[in-house]
Amino acid sequence: MYISINYAGNDDLDYLAQNDIHISREMIEKKIGDREIIAARVDGKLVGWLRYNYFWDNTPFMNMLYLEGDFRKRGIGSKVVLYWEKVMKEQGYNMVMTSTQADEEGQFFYRENGYRDAGCLLLENQALEILFKKTI
């Protein structure tokens, strides 16, 4: 199993637009151009992505980490996150953030990968959103 991790390109647009149902195709296209989506490939096949932006316009914030079911719990997600953190560090950032709902298992993944609870947000009719931060 050969894992490659790099920025998503225009060739990834159709896959991302079909699978990332949380934002529009136009936004995905913009984020590809802005280099705010990192693609995860196994043996050349796109199997997931990390999408981010900037909290307060100055702190890298991971909006979504997604891997297809067969590729979860195999260490690929951790490698994608480490790649993103390395790139953010190289760009001069010393902290990154993310969040997950309290009823999702993602919170355990982030804690295992060095993220620490930084607060929470309670929105109407949703589970508690836990904010995480990590010094890089």
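About the cut-offs
- Residues numbered from 1 in each chain as written.
- Predicted model: local features only at pLDDT ≥ 70, side-chain atom pairs only at ≥ 80, totals over all residues.
- Heavy atoms only, no water.
- Helix = DSSP H or I, 4+ residues; strand = E, 2+ residues; numbered from the N terminus.
- Expected span 1.5 Å × (residues − 1).
- Buried < 20%, exposed > 50% of the residue type's maximum accessible area, 1.4 Å probe, protein only.
- Salt bridge = Lys/Arg side-chain N within 4 Å of Asp/Glu carboxyl O.
- Phe/Tyr/Trp six-rings, centres within 6.5 Å; stacked < 30°, edge-to-face > 60°.
- Contact = heavy atoms within 4.5 Å.

> Tell me what's going on with helix H3 (residues 76-90), and back it up with residues and numbers.
Here H3 is 15 residues long and its end C-alpha atoms lie 21 Å apart, about the 21 Å a rise of 1.5 Å per residue gives. What H3 keeps buried is the set Ile76, Gly77, Val80, Val81, Trp84, Glu85, Val87 and Met88. Positioned one or two residues after H3, Gly92 has a phi angle of 100°, which is positive.

> I'd like to hear about the pattern of salt bridges, residue by residue, with values.
Applying the stated rule across the entire model yields 10 salt bridges. The residue Arg41 makes a salt bridge to Asp12 at a minimum N-O spacing of 2.5 Å. With a gap of 29 residues between them, Arg41 in strand E2 (residues 37-42) and Asp12 in the loop between strand E1 (3-7) and helix H1 (13-19) connect regions that are remote in the sequence. Residue Arg41 is classed as buried on the basis of its relative accessible area of 16%. Look at Asp12 and you get buried, because its relative accessible area is 7%. Taking the shortest distance from any N to any O, the salt bridge between Lys73 and Glu105 comes out at 3.9 Å. Pair noted here: Lys73 is in the loop between strand E4 (59-67) and H3 and Glu105 is in the loop between strand E5 (95-101) and helix H4 (106-112), with a separation of 32 residues, a long-range link.

> Account for the packing of aromatic side chains, naming residues and giving values.
Under the definition given, this model contains 10 aromatic pairs. Centroid distance Tyr15 to Trp49: 6.2 Å. Interplanar angle 85°. Geometry classified as edge-to-face. Within this pair, whereas Tyr15 is found in helix H1, its partner Trp49 is found in strand E3 (residues 45-55), the two being separated by 34 residues in sequence. Grouping residues by exposure puts Tyr15 and Trp49 together as buried. Pairing Tyr54 with Tyr93 gives two aromatic rings, centres 5.8 Å apart and planes at 35°, and the pair type is tilted. You can see Tyr54 sitting in strand E3 and its partner Tyr93 sitting in the loop between H3 and E5, a full 39 residues away along the chain. According to the relative accessible area criterion, Tyr54 is partly exposed, its value standing at 23%. Members of the aromatic cluster, each reached through a chain of ring pairs, are Tyr52, Tyr54, Trp84 and Tyr93.

> Pulling in residues and values, what's your account of the side chain of Ser4?
If you trace the backbone, Ser4 turns up in strand E1. Of the residues examined, Ser4 reaches a relative accessible area of 17% and is grouped as buried. When neighbours within four sequence positions are excluded, Ser4 is seen to be in contact with Ala39, Ala40 and Arg41.

> An account of unusual backbone geometry is needed here, citing residue identities and associated values.
In this structure, Asp43 takes a positive phi of about 50° despite not being glycine. Along the chain, Asp43 turns up in the loop between E2 and E3.

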